[in-house]
Amino acid sequence: MGSGKEKDMIKTVIFDIGNVLTVFRWEDFIHGFGFSAEAEEKVKRATVMSPYWNELDVGVWSEEQILDAFISVEPTAEAEIRKVFRNFGGMLDGVEYAIPWIRELKEKGYQVLVLSNISDKMVRENPEAMNFMEVVDGGILSYKEQVVKPGREIYERLLAMYDLKAEECVFLDDTKKNIDTAAELGFATVLFAGYEQAKEALEGLIR
């Protein structure tokens, strides 16, 4: 499903990262530690499912502060939480289509940017999954700007940073509330539900 303006107006394609240009496989990642079922659930509640996870993406708190906050949610799982937090390598998987898709769009003359809620830790510890960053033309990673989607400010900063007009951009994201903000600001949008679906929707907007 896509929505947008006149096709010939689009000049810039903007991608979310998690579950669009990568797979955010956090449940499999945590399961892979082999904790008891009870401990695994505690770790999930204390980390990715807790409100504090968002603070990683905001990038204001130190990693030590965030780890302490995670532990405060489930103190009896402190050892397991520390083990998971030690290295997020493997929490993101790369996808084969990312770089070819980006290159195809650039060859057609489109500027390609990213706009993602993501932490420095996640980027730093998953370099292979993030290798498409060498191919895109730039963008905003939330931890660098200390603002996150779906708030309007991160979109407005991207527009200002790259001297963009919202009506000349299409934004692809797997989360409806993020798409909704972009649409309110005048972006064309594609709600990502899979590569083939999103590619077809995007081509319908830019062809």
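Our subject is the structure that appears above.
So, here's what we can say about the structure. (Residues numbered from 1 in each chain as written. Predicted model: local features only at pLDDT ≥ 70, side-chain atom pairs only at ≥ 80, totals over all residues. Heavy atoms only, no water.)

Before going further, it helps to examine the pattern of salt bridges. In total, this model carries 23 salt bridges according to the counting rule given. Between Lys-149 and Asp-173 there is a salt bridge, with its nearest N and O atoms 2.7 Å apart. Taken together, the positions of Lys-149 in the loop between α8 (142-145) and α9 (152-161) and Asp-173 in strand β7 (residues 169-173) put the pair 24 residues apart, joining distant regions of the chain. Each member of the pair, Lys-149 as well as Asp-173, is classed as buried. Note that Glu-203 is salt-bridged to Lys-199, the shortest N-O span being 2.6 Å. Highlighted residues: Glu-203 and Lys-199, both in helix α11 (residues 195-206), separated by four residues, approximately one helical turn. The class of Glu-203 is partly exposed, set by a relative accessible area of 21%. (Salt bridge = Lys/Arg side-chain N within 4 Å of Asp/Glu carboxyl O. Helix = DSSP H or I, 4+ residues; strand = E, 2+ residues; numbered from the N terminus. Buried < 20%, exposed > 50% of the residue type's maximum accessible area, 1.4 Å probe, protein only.)

In this structure, Thr-181 sits in helix α10 (residues 176-184). Setting aside its immediate chain neighbours within four residues, Thr-181 contacts Pro-150, Gly-151, Arg-152 and Tyr-155. (Contact = heavy atoms within 4.5 Å.)

Okay, helix α6 (residues 98-107) next. Taken together, the buried positions of α6 are Ala-98, Ile-99, Trp-101, Ile-102 and Leu-105. Projection of α6 onto a plane perpendicular to its axis shows the buried side chains occupying an angular sector of 165°, all on one side. Residues of α6 that are buried make contact with β2 (12-15), β5 (111-116), β7 and α11. The first or second residue beyond α6 is Gly-109, which carries a positive phi of 100°. (Arc of directions from axis to C-beta.)

The next subject is the environment of Ile-81. For Ile-81, the location among the structural elements is in helix α5 (residues 78-85). C-alpha separation for the pair Ile-81 and Ala-46, spaced 35 residues apart in sequence, amounts to 7.7 Å. Sequence-distant contacts of Ile-81, that is, excluding residues within four places in its chain, are made with Val-43, Ala-46, Thr-47, Leu-67, Phe-70, Ile-71 and Glu-74.

Next up on the list: the layout of surface pockets. In this structure, the largest pocket spans a volume of roughly 510 Å³. Lining the largest pocket are 22 residues, and of these Phe-24, Trp-53, Asp-57, Asn-117 and Thr-175 lie nearest its centre. Counting only elements with at least two residues in the lining of the largest pocket, the list comes to α3 (53-58) and α10. The element best represented in the lining of the largest pocket is α3, accounting for three residues. Classifying every residue of the lining of the largest pocket gives eight nonpolar, eight polar and six charged. (1 Å grid on protein atoms, 1.4 Å probe; cavity = no way out; pocket = protein on both sides within 12 Å on 5 of 7 lines; lining within 4 Å. Points joined across faces, edges and corners; volume = space filled by probe spheres on them. Nonpolar A, V, L, I, M, F, W, Y, C, P; charged D, E, K, R; others polar.)

Contact geometry of helix α2 (residues 37-46) with α5 gives a least axis separation of 9 Å together with a crossing angle of 65°. The way α2 lies across α5 gives a crossing that is right-handed. Contacts from Ala-39, Val-43 and Ala-46 of α2 reach α5 at Glu-80, Ile-81 and Val-84. Tallied by class, residues from the contact of α2 with α5 come to five nonpolar, no polar and one charged. (Axes fitted to C-alpha atoms, helices over the stretch in contact; angles between N-to-C directions. Left-handed = near helix turned anticlockwise from the far one by under 90°.)

Among the six residues of β5, five are classified as buried, and the element is accordingly described as predominantly covered. Two elements, β2 and β5, share four bridges in a ladder whose sense is parallel. Each bridged residue has a counterpart across the sheet, and for Val-13 the counterpart in β5 is Val-112. With three bridges connecting them, β5 and strand β6 (residues 139-141) associate as parallel partners. Along β6, the bridge assignment pairs Leu-115 with Ile-140. (Pairing = 2+ DSSP bridges.)

Overall, the coordinates contain 14 aromatic pairs when judged by the stated rule. Measuring from centroid to centroid gives 5.1 Å for Trp-101 and Tyr-195, while their planes differ by 80°, and the two rings are edge-to-face. Taken together, the residues Trp-101 in helix α6 and Tyr-195 in helix α11 connect sequence positions 94 residues apart. What makes Trp-101 buried here is its relative accessible area of 2%. Accessibility expressed as a relative area gives 22% for Tyr-195, which makes it partly exposed. One aromatic cluster in this structure is built from Phe-24, Trp-53, Phe-70, Phe-85 and Phe-88. Cation over ring: Lys-121 sits above Phe-85, and NZ or CZ is 4.6 Å from the ring centre. A cation sits over an aromatic face here: Lys-121 above Phe-88, 4.7 Å from the ring centre. (Phe/Tyr/Trp six-rings, centres within 6.5 Å; stacked < 30°, edge-to-face > 60°. Lys NZ or Arg CZ within 6 Å of the ring centre and 35° of its normal.)

Remember that the coordinates give geometry; whether it matters functionally is a separate question.
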